Amino acid sequence: MKKLKASLIAASLLLGAFALPTVAAQEKPQQITIGYQKANIFALLKYRGTLEQTLTPQGIKVRWIEFPAGPQMLEGLNVGSIDLAATGDAPPAFAQAAKADLIYLGHSPASPKTEAIVVPQDSPIKTVADLKGKRVALNKGSDVNYLLVSALEQAGLSYKDVTPVYLPPSDARAAFQRGSVDAWVIWDPYYAEVETHANARLLKDAEGLVPHYTFYLASRHFAETYPDSAKLVIDQLSELSVWANAHQDDAAKILAQSTGLEQAIWARALARMPFGSQRMTPAVFAEQQQLADKFTAIGLLPVKVDVSAARWSEDK
């Protein structure tokens with residue numbers, strides 16, 4: 001009997017020795033590919049190099065791919081060219097409408113003062129209600145698109161009461177400067193730049209209208225296959241946020257190098273841009289659902305989106 005028990009124990013240990021490497025291989029990817037924009041938190045993480053310092057000893061490579069804006073980045077997430085991304089509020093809803101299988105890993109603190117409707121300093125427009133019949137520049141389907149819709153509704157107007165002029169920030173900046181649009185809805189750091197160099201006047205920021213988050217997103221395949229790696233990146237963003245909030249001058253210097261904008265512009269932007277990493281909550285999902293429903297109502301989203309379908313299994 002003793003010999004039989006010893007044989008069984010030996011067999012169990014042998015099976016365990018073969019099983020453990022398989023489990024470890026499932027838990028760790030060989031490479032994590034991250035999409036980033038020059039002006040967001042992942043740019044800070046890239047240039048500081050702390051993620052590589054953590055992952056390289058584990059045998060995990062980090063690959064960075066730059067994108068011009070959130071919608072293109074989430075298309076990359078959808079087709080599998082990247083694993084992780086960070087965008088504002090609106091792009092995830094549009095990506096879900098396009099059947100992207102993404103999930104929300106977390107979000108930044110709300111930062112409503114980082115996006116605003118601005119007008120030229122000498123403009124006769126004094127209130128949002130004065131935008132009726134005016135030409136308003138904005139990036140279509142962006143976070144500021146949601147701000148404009150919400151601000152108009154608060155002022156008793158509809159989206160049809162203005163003429164949206166859909167332009168990316170660089171083109172909108174030129175149109176605003178030459179006076180071919182009456183107002184511009186924009187976000188930081190471009191908001192800080194136009195305040196400083198184009199004598200823009202604040203008409204209305206997002207305070208009291210929309211929360212404005214940065215969302216940390218992943219492809220469902222990556223997050224469900226490698227949950228520990230996904231959590232590790234979010235933890236790195238949390239640590240980075242503590243550093244950036246306490247060292248705004250250093251963060252401004254890095255982002256100035258990344259974007260080509262002056263450090264003083266970034267210092268102005270970061271003063272109203274708190275960094276952080278928080279897990280998703282039912283309340284934040286509800287806010288995102290309101291955003292998606294509003295875009296559907298005005299016809300910018302072709303279908304109704306169920307935002308909660310992008311919930312991570314770790315949060316269920």
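Computed from a predicted model, the values in this text were never measured in an experiment.

Engineer: Even after reading the chapter, I still don't get the overall build of the protein, so can you show me in this structure?
Structural biologist: From N to C terminus, the protein includes 13 helices and ten strands. In the protein, which comprises 316 residues, the share counted as buried stands at 50%. Considering only intrachain contacts with a sequence separation of at least 6, the fraction spanning at least 24 residues in the protein is 78%. Per element, the accessible surface of the protein, about 14700 Å² overall, is 54% carbon and sulfur. With 31 positive and 32 negative side-chain charges, the protein shows a spacing of 4 Å between the two charge centroids.

Engineer: How should the environment of D306 be read in this particular structure?
Structural biologist: The residue D306 is located in the segment after α13 (282-297) in this model. As for D306 and D293, which are separated by 13 residues in sequence, their C-alpha atoms are 9.1 Å apart. Discounting chain neighbours no more than four positions away, the residues touching D306 are Q96 and Q289.

Engineer: Quick question: what am I supposed to make of the nonpolar core here?
Structural biologist: One recurring pattern in soluble globular proteins: nonpolar side chains tend to sit buried together. Within the largest apolar cluster, 51 residues are counted, with the highest numbers of intra-cluster contacts made by L102, Y104, I117, L131, L148 and V185. No other element matches helix α6 (residues 143-154), which puts seven residues into this core.

Engineer: Just checking my understanding: could you explain the packing of aromatic side chains for this structure?
Structural biologist: Two descriptors summarise a pair of aromatic rings, namely the distance from one centre to the other and the angle between the planes of the rings. As enumerated under the stated definition, the model contains ten aromatic pairs in all. Plain terms: the ring middles of Y146 and F295 are 6.1 Å apart, the flat faces sit at 45° to each other, and that makes the pair tilted. Placement of the pair is Y146 in helix α6 and F295 in helix α13, with a sequence separation of 149 residues. Like Y146, the residue F295 is buried in the burial classification.

Engineer: I tried to follow the UniProt feature "domain: Solute-binding protein family 3/N-terminal" (unreviewed entry) in the protein on my own but got confused; where do I start?
Structural biologist: The UniProt record marks residues 31-251 with the feature "domain: Solute-binding protein family 3/N-terminal" (unreviewed entry), using the residue numbering of this structure. End C-alpha atoms of residues 31-251 are separated by 26 Å, and the span's content is 42% helix alongside 24% strand.

Engineer: Even after reading the chapter, I still don't get the pattern of salt bridges, so can you show me in this structure?
Structural biologist: Close approach of charged atoms lets side chains of opposite charge pair. Throughout the structure, instances matching the rule amount to twelve salt bridges. Among the salt bridges present, the one from E193 reaches R173, with a minimum N-O distance of 2.7 Å. A residue pair is termed long-range when its members are at least 10 positions apart, and E193 in helix α8 (residues 190-197) and R173 in helix α7 (residues 169-178) qualify at 20 residues. Looking at R173, the relative accessible area reads 18%, which means it is buried. Across the salt bridge formed by R272 and D188, the nearest N and O atoms sit 2.7 Å from each other. One end of the pair, R272, is in the loop between α12 (263-270) and α13; the other, D188, is in the loop between β8 (183-187) and α8, and 84 residues separate them in sequence. The exposure classification of R272 matches that of D188, with both residues buried. Salt bridges linked by common partners bring D188, E195, R268 and R272 together as one network.

Engineer: Honestly, the packing of helix α2 (residues 41-48) against helix α11 (residues 248-259) in this entry has me stumped. Any pointers?
Structural biologist: Each pair of packed helices can be summarised by the angle the axes make with each other and by the distance between the axes. The interhelical angle for the contact between α2 and α11, taken along N-to-C directions, is 95°, at an axis separation of 10 Å. Here α2 is positioned roughly perpendicular relative to α11, judged by the angle of their axes. Contact residues: α2 offers A43, L44, Y47 and R48, while α11 offers A251, I254, L255 and S258. Across the contact of α2 with α11, the residue classes break down as six nonpolar, one polar and one charged.

Definitions and limits used
- Residues numbered from 1 in each chain as written.
- Predicted model: local features only at pLDDT ≥ 70, side-chain atom pairs only at ≥ 80, totals over all residues.
- Heavy atoms only, no water.
- Helix = DSSP H or I, 4+ residues; strand = E, 2+ residues; numbered from the N terminus.
- Buried < 20%, exposed > 50% of the residue type's maximum accessible area, 1.4 Å probe, protein only.
- Contact = heavy atoms within 4.5 Å.
- Areas by Shrake-Rupley, 256 points an atom, 1.4 Å probe, with all protein chains shown as cover.
- Lys, Arg positive; Asp, Glu negative; His and termini not counted.
- Charge placed at Lys NZ, Arg CZ, Asp CG, Glu CD.
- Core = buried A, V, L, I, M, F, W, Y, C linked by side-chain atoms within 4.5 Å.
- Phe/Tyr/Trp six-rings, centres within 6.5 Å; stacked < 30°, edge-to-face > 60°.
- UniProt positions renumbered as here; feature names shortened; annotations may be inferred.
- Salt bridge = Lys/Arg side-chain N within 4 Å of Asp/Glu carboxyl O.
- Axes fitted to C-alpha atoms, helices over the stretch in contact; angles between N-to-C directions.
- Parallel < 35°, antiparallel > 145°, perpendicular 65-115°, else oblique.
- Nonpolar A, V, L, I, M, F, W, Y, C, P; charged D, E, K, R; others polar.

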